[in-house]
Amino acid sequence: MNIFGLFGRRGATAPVARERLQILLAHERKSARASNLIGVLHKEVLAAISKHIAVDPDKVMVKMHRKADMSLLEIDIEIDSDAARPDDPAFDENDALEDDLSGKAA
Amino acid sequence: MSKTLVVTSGKGGVGKTTSTAALGAALAQLGHKVAVVDFDVGLRNLDLVMGAERRVVFDLINVAQGDAKLHQALIRDKRLSNLYLLPASQTRDKDALTEEGVQQVIGELREKFDWIVCDSPAGIERGATLAMRFADVAVVVANPEVSSVRDSDRIIGLLDAKTERAERGERVEKHLLLTRYDAQRAGRGEMLAVDDVLEILSIPLLGIVPESEEVLRASNVGSPIILHNAMSAAARAYMEAAKRLCGEELPVKIPTDRRGLFVRLFGRRAA
């Protein structure tokens, strides 16, 4: 028995343990990343918007609703009316509209 | 510069408290001023392993809530004058600990100590996340066994996500301490080998503490293994681990089966 133990690996269960762990952890790490998806999305959406508009991080809401047959991703961003950067051509129209509105108010 | 270290594992019974006491005592023996802090609120044990159970008057929660001053709660070790213990509360539940309270206590400890060694409770809930919250360095204690390795992987994920450092975009320095390692069983392929665990968890190895009867003897008498029997293999492993934490570059020796060929061929195990 002891002689076999020296040369053979009949009782070697460690390789089984190693393989089971590798498969299991690969799966668990993937789902751990998914559970952080909301956090990652929040960060990246915020970064993308902030390039152009000043936004309050607390006013960017990212929510995921999961149901049996579908998932709904809800992104809600609240911006101040004067947050748009005036030098960005993308906001020309908006500026004009605002001018229009303030003109009317005045 | 002060460093906050968390000793954590996820799984219970792998040797967090033993390792906290041993590393704390080893760092103190190396000349650093050390505080070991028990975060296991409700199930405190570090006081017992350190042999200070009859000297506890105030605890971590008393200090965090402002009911006692830090110096009133700290217990100075009778063997090493630069080693202190901040015990956990036994009567309160873990919800009594708040993040603000912990932050304030750690901040105060940082002013007085070189090393703050936090003994985390088992699990991945509030107690464990608070223990790691303000850590600069983490020692992940694992046994070469499937459930312990799996739980360590979860804890490593938490260290990368839930700590203050991680939230600032910095890294918590993580180290693996493999405990209760049985060279004979690993040699027979019955126990995950060191390389297997390292490959799976992919964090650097701080040390390998062999399974040792001396560890139980030391906790029986309330003495960190480092002070109980400095020559034991476990004590030497902890001392080397402490030196590595301080930046010394010592190669990690993987314990081997040191029985002679005769015993290996003809010796019979009792069990």
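Placed above this text is the structure.
Note that the structure is predicted; figures quoted are calculated from it, not measured.

Caption draft 1: Examining the pairing of strand E1 (residues 3–8) of chain B more closely. Residues and elements named next belong to chain B. Taken across its six residues, E1 has five buried, putting it largely inside the fold. Bridge analysis of E1 against strand E5 (residues 115–119) gives five bridges, and the strand direction is parallel. Of the residues in E5, the one forming a bridge with Val 7 is Asp 119.

Caption draft 2: Region of the structure containing the sheet that holds E5 of chain B. All names here are of chain B. Here we have eight strands laid out as an open sheet, ordered E3-E4-E2-E5-E1-E6-E7-E8, and mixed in their pairing. The open sheet is flanked by strand E3 (75–76) and strand E8 (205–210), the only strands paired with a single partner. Alignment of strand E2 (residues 34–38) against strand E4 (residues 83–86), held across four bridges, turns out to be parallel. Bridge pairing in E4 places Val 37 opposite Leu 86. The strands that helix H13 (residues 233–245) touches are E1, E5, strand E6 (137–142), strand E7 (173–181) and E8; relative to E8, the one it contacts most, it runs at about 170 degrees.

Caption draft 3: Highlighting the side chain of Thr 4 of chain B. When you line up the elements, Thr 4 of chain B lands in strand E1. The contact partners of Thr 4 of chain B, leaving out residues within four places of it in the chain, are Ile 106, Arg 110, Ile 116, Cys 118, Phe 134, Ala 135, Asp 136 and Val 137 of chain B.

About the cut-offs
- Residues numbered from 1 in each chain as written.
- Chains lettered and ligands numbered in written order.
- Predicted model: local features only at pLDDT ≥ 70, side-chain atom pairs only at ≥ 80, totals over all residues.
- Heavy atoms only, no water.
- Buried < 20%, exposed > 50% of the residue type's maximum accessible area, 1.4 Å probe, protein only.
- Helix = DSSP H or I, 4+ residues; strand = E, 2+ residues; numbered from the N terminus.
- Pairing = 2+ DSSP bridges.
- Contact = heavy atoms within 4.5 Å.
- Axes fitted to C-alpha atoms, helices over the stretch in contact; angles between N-to-C directions.

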